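Here is how the chains run, residue by residue.
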Amino acid sequence: MDKVSGNNPTLSRPRAGPLSRASAPVKLETMGKWLGLYPNKRDANFVRCFLSSGSACLLQARCPCVRTEPSIRPSFADCVAGKVDRELRLSRMEGPFKSIPVDDLVISPVRVVPKKTPGAFRLIQHFSYPPRASVSDAIPPAHCSVVYQSFDETLGMVRSYGSGALMAKIDVESAFRLLRHPVYQFWGNEIDTVAGECSPPQDEVSKLRETIRRFNGSRKVTLRQAQSVRGMLNFACRVIPMGRVFCRKLDRAAAGCARPHHFVRLSSELKRDLAVWASFLEEFNGVSIWQAPAIDSESLQFFTNAAGSSGFGCLL
C-alpha cells in the first residue's frame, strides 16, 4: 500500500489500537424478521450470525503474509487512493497500521477495473494474488462457489407471470432507485414481457460486430481479448442459440493459454466461424420470440399409424 498511501495524505497516517467492527448498511433488526420466514433455517442462521459477528475464513492451507503487490500504473494511483480513502471513511476498511494487528495477516492487493460508464472504475481486492499462494487458492471450493441465476431460469420465471409482467432492478449502490417496467435488461439482453421476446442491446451488437471485424483482420490476439469476445458471444447465444456451435473453435484455441498476455492464434477455420457470426449479426433482426416449453412424448401422448393400402392416421 506504500504506492497508494504516498498519493493520498489521509492514507499515510498509521492507526494504532485494536480492530473495530466494520460498518455495513444492513439493518439486522429489519432483516431478522425476513430471515425468520426463510424456509432453510440453517442458512438463515448462518446469514444472521455472519452479519452480527462475522465469519471465520475456512482455509485448507496457510497463506503466506504477502507484503508486496503488483505495481499500480501512475494514471490509476490517485483513483485507487481515493476509493480506499472512501472505504476508510465509511468504516468498511481498517488501517494503515503501525504494526501487524492480527496474527497470520494476509495482505491482498487492491486495484481498479473499468466499468461500462466511461471514466468510472470499481475497486476490487485481488484475492487471487499471488498465483498458487493466494487467499482464493487456500479456500475450499465448497465454501466459495457461487452460482448465479441463469438467463433461461429468469426467462421461465418471467413467463410464468404472464404477458405484461412488471420487472424491477435494484441498484445496490443506490438502493432507493427501484423502478418497475415491462422491459428489463438481464445478463446483457433485454426481456420484453409485453411483446414476449428477447433482444440484445443494439450498442452491444455493434460492439461485437466491430470486434469480430478486427479479429478477422488479425493473425493472433491475446488470451484476454479472446476471452472478452467469447463472453460477448456467450451473451448473444442466449437470443441467437444457433451460434453456440460456432464458438467451439475459439474455445479450443484459447484452452492452451494460461496467462492473459499469451497469444491465441486465429486459424482460417476459426475465422470462418467468426464470419458466420458476422452474418448472424448482420442479417438477424435482433429479436428472439419466446418459444413454448418443450413437452416430452409421454406428456404429449401423440400416436401415429400407417394404413396398409394408402393414407395414415394420428391420435393426440
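Just so it is clear, the model here is predicted, and its values are computed rather than measured.

Asks: Mind showing me how you'd approach the overall build of the protein chain here?
Replies: From N to C terminus, the protein chain includes twelve helices and twelve strands. Taken across its 316 residues, the protein chain has 25% of its residues classed as buried. For the protein chain, the share of sequence-separated contacts (at least 6 apart) that also reach a separation of at least 24 residues comes to 61%.

Asks: For this particular structure, what's the right way to read the nonpolar core?
Replies: For soluble globular proteins, the rule of thumb is that nonpolar side chains tend to be buried together. If you look at the biggest cluster of nonpolar residues, it comprises 34 residues, and the most contacted ones within it are I191, L208 and W277. Aside from chain neighbours lying at most four places away, what touches I191 is F151, T154, L155, V158, M167, P182, V183, Y184, F186, E197, C198 and W290.

Asks: Honestly, the pattern of salt bridges in this entry has me stumped. Any pointers?
Replies: Side chains that differ in sign of charge can pair as their charged atoms come close. If you walk through the whole model with that rule in mind, you get seven salt bridges. The salt bridge involving R86 is made with E87; its shortest N-O contact spans 3.9 Å. Residue classification places E87 among the buried residues on the basis of a relative accessible area of 16%. Note that D273 is salt-bridged to K249, the shortest N-O span being 3.6 Å. One end of the pair, D273, is in helix α11 (residues 268–283); the other, K249, is in helix α10 (residues 248–255), with 24 residues separating them in the sequence.

Asks: What should I look at first to understand the packing of aromatic side chains in this one?
Replies: What describes a pair of aromatic rings is the distance from one ring centre to the other and the angle between the planes of the rings. Taken as a whole and judged by the stated rule, the model has three aromatic pairs. With 5.3 Å between their ring centres and 75° between their planes, F76 and F121 make a pair best called edge-to-face. With F76 in helix α4 (residues 74–89) and F121 in strand β2 (residues 121–125), the pair connects residues that are 45 residues apart, well separated along the chain. A relative accessible area of 22% places F76 in the partly exposed class. Relative to F280, the ring of W277 lies with its centre 5.9 Å away and its plane at 80°, an arrangement referred to as edge-to-face.

Asks: Looking at this model, I keep getting lost on the pairing of strand β5 (residues 183–186). Mind explaining?
Replies: Moving residue by residue along a regular strand, the side chains alternate between the two faces of the sheet. Of the two faces of β5, the one lined by Y184 and F186 is fully buried and the one lined by V183 and Q185 carries no buried residue. As paired strands, β5 and strand β6 (residues 189–192) are joined by four bridges and run antiparallel to one another. Bridge assignment links Q185 to a residue of β6, and that residue is E190.

Asks: Explain the packing of α10 against α11 to me, please; I cannot follow it from the model alone.
Replies: Between two packed helices, both the angle of their axes relative to each other and the distance between the axes serve to describe the pair. Where α10 contacts α11, the axes come no closer than 8 Å and their chain directions differ by 140°. By the angle between their directions, the pair α10 and α11 is classed as oblique. α10 and α11 meet at a crossing whose hand is left-handed. Counted together, K249, L250 and A253 of α10 and E269, L270 and D273 of α11 form the full contact between these two elements. Considered class by class, the residues forming the contact of α10 with α11 number three nonpolar, no polar and three charged.

Asks: Help me understand the sheet that holds β6 in this model?
Replies: The strands making up a sheet associate through backbone hydrogen bonding, with each pair oriented either parallel or antiparallel. Spatially, four strands are ordered β5-β6-β7-β10 in an open sheet, and the strand pairing comes out antiparallel. Strands with a single pairing partner mark the edges of an open sheet, and in this sheet they are β5 and β10 (288–289). Sheet strands in contact with helix α7 (residues 151–160) are β5, β6 and β7 (197–199), and its direction is about 15° off that of β6.

Asks: Would you take a moment to explain a nonpolar patch on the surface for this structure?
Replies: Taken together, V26, M31, F46, V47, F50 and L51 make up a surface patch of nonpolar side chains, about 490 Å² in accessible area. For the nonpolar patch, the leading source of residues is helix α3 (residues 41–53), giving four residues. Locating F50 in the fold gives a position in helix α3. Look at F50 and you get partly exposed, because its relative accessible area is 44%.

What counts and how
Residues numbered from 1 in each chain as written. Predicted model: local features only at pLDDT ≥ 70, side-chain atom pairs only at ≥ 80, totals over all residues. Heavy atoms only, no water. Helix = DSSP H or I, 4+ residues; strand = E, 2+ residues; numbered from the N terminus. Buried < 20%, exposed > 50% of the residue type's maximum accessible area, 1.4 Å probe, protein only. Contact = heavy atoms within 4.5 Å. Core = buried A, V, L, I, M, F, W, Y, C linked by side-chain atoms within 4.5 Å. Salt bridge = Lys/Arg side-chain N within 4 Å of Asp/Glu carboxyl O. Phe/Tyr/Trp six-rings, centres within 6.5 Å; stacked < 30°, edge-to-face > 60°. Pairing = 2+ DSSP bridges. Axes fitted to C-alpha atoms, helices over the stretch in contact; angles between N-to-C directions. Parallel < 35°, antiparallel > 145°, perpendicular 65-115°, else oblique. Left-handed = near helix turned anticlockwise from the far one by under 90°. Nonpolar A, V, L, I, M, F, W, Y, C, P; charged D, E, K, R; others polar. Patch = residues over 30% accessible without salt bridge, like charges linked within 9 Å, V, L, I, M, F, W, Y side chains within 5 Å. Areas by Shrake-Rupley, 256 points an atom, 1.4 Å probe, with all protein chains shown as cover.

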